[in-house]
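# Secondary and tertiary structure notes
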Amino acid sequence: MKHISIFLIVLVGLLGSGIAKAEEIVVPLFAKAPVLNGKVDPAQWAQAARIDGLVAEDGKLERRGVRTYVGATETTLYIAMQSRLPDEGPLLAAVDHDGLKVVYDDALEVFVDPAPALADRVSYQMLTNSLGHAGYQAHLRGKGTESATWTGNWQQAQSQAGGFWNFECAIPIASMSQAGIGRKATDGTWVINLCRDWRPDWAWTSFTGKYTWSGLTFRSAFLNRSSNHRRRPRVSAGWSRLQ
């Protein structure tokens, strides 16, 4: 992939509709949307793209494993993340209310750029701690516009089980005005960046090792019934403790 770390390699999963271009990851629409219960059930996420491993700001692979999933229905984007719990002690979760200050805790961040081809656009951010408290922010580029008080109110579910911090999130396309009225997941591309903020060492990792205006490019497509829908695109950062 031209726009991400050289550590990232694409393992082709779908037969006919796997990786349409080197710059895009193409995934079929969910036949049935996953139930958000914080369990990240592999069967329910089987049609999503799976990304193993995140990259630090210095471009190196993070030794602490994170597995992520990206999928969609026509009207909603779906995200899941599984991050290993600390070897010692709990996740830091001192912030007990919604807001951007959850970044001071162990946190997960989701960025969605619904119109990456435009010069004037918006990147929508949600971040959350392990208590489920969330903060939202709309980042503007060029003449992109969004309400200063924008809040996505994206549904999320979490759990800590089996040595992992599990997170699931549903992102209604209609919650992002930059996407346009009536926009479907199959209309155009979406740049998504998923991040993990690590405490107490203040490390930060993401799909690309970069922040707001970066990420992987996804395109959703209707499922080709003639292909093996049990396979899916998989992107690996070359190493994963989750294997």
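For clarity, every value in this text was computed on a predicted model and none was experimentally measured.

Another point: the confidence of the model for the protein chain. Across the protein chain, the average pLDDT comes to 86, with 82% of residues at 70 or higher. Low confidence marks residues 1-22, where pLDDT is under 50. Its contacts with residues over four positions away, or in another chain, come to 54 contacts. Counted against residues more than four places away or in other chains, residues 225-232, with its pLDDT under 50, gives 16 contacts.

This brings us to empty space enclosed by the protein. Going through the model one piece at a time under the given rule, you end up with 1 cavity of 30 Å³ or more. A volume near 50 Å³ is recorded for the largest cavity. Taken together, Val27, Val70, Gly71, Ala72, Leu77, Trp190, Ile192, Phe218, Arg219 and Ser220 make up the lining of the largest cavity. Broken down by secondary-structure element, the contributors of at least two residues to the lining of the largest cavity are β5 (66-72), β12 (190-198) and β14 (216-221). Split by residue class, the lining of the largest cavity holds 7 nonpolar, 2 polar and 1 charged.

Bringing the side chain of Ser175 into the picture now. Along the chain, Ser175 turns up in the loop between β11 (164-172) and β12. Those residues in contact with Ser175 that lie beyond four places of it in its chain are Trp150, Gly152 and Trp154.

Before going further, it helps to spend a moment on the nonpolar core. Formed by 39 residues in total, the largest nonpolar core has its most connected members in Leu77 and Trp154. Dropping the residues within four chain positions of it, Trp154 is found in contact with Val110, Val112, Tyr124, Met126, Tyr136, Cys169, Ala170, Ile171, Pro172, Ser175 and Met176. Grouped together as the second largest cluster of nonpolar side chains are 10 residues, Leu36, Val40, Tyr78 and Ala80 included.

Criteria and thresholds
Residues numbered from 1 in each chain as written. Predicted model: local features only at pLDDT ≥ 70, side-chain atom pairs only at ≥ 80, totals over all residues. Heavy atoms only, no water. pLDDT = per-residue confidence, 0-100. Contact = heavy atoms within 4.5 Å. 1 Å grid on protein atoms, 1.4 Å probe; cavity = no way out; pocket = protein on both sides within 12 Å on 5 of 7 lines; lining within 4 Å. Points joined across faces, edges and corners; volume = space filled by probe spheres on them. Helix = DSSP H or I, 4+ residues; strand = E, 2+ residues; numbered from the N terminus. Nonpolar A, V, L, I, M, F, W, Y, C, P; charged D, E, K, R; others polar. Core = buried A, V, L, I, M, F, W, Y, C linked by side-chain atoms within 4.5 Å. Buried < 20%, exposed > 50% of the residue type's maximum accessible area, 1.4 Å probe, protein only.

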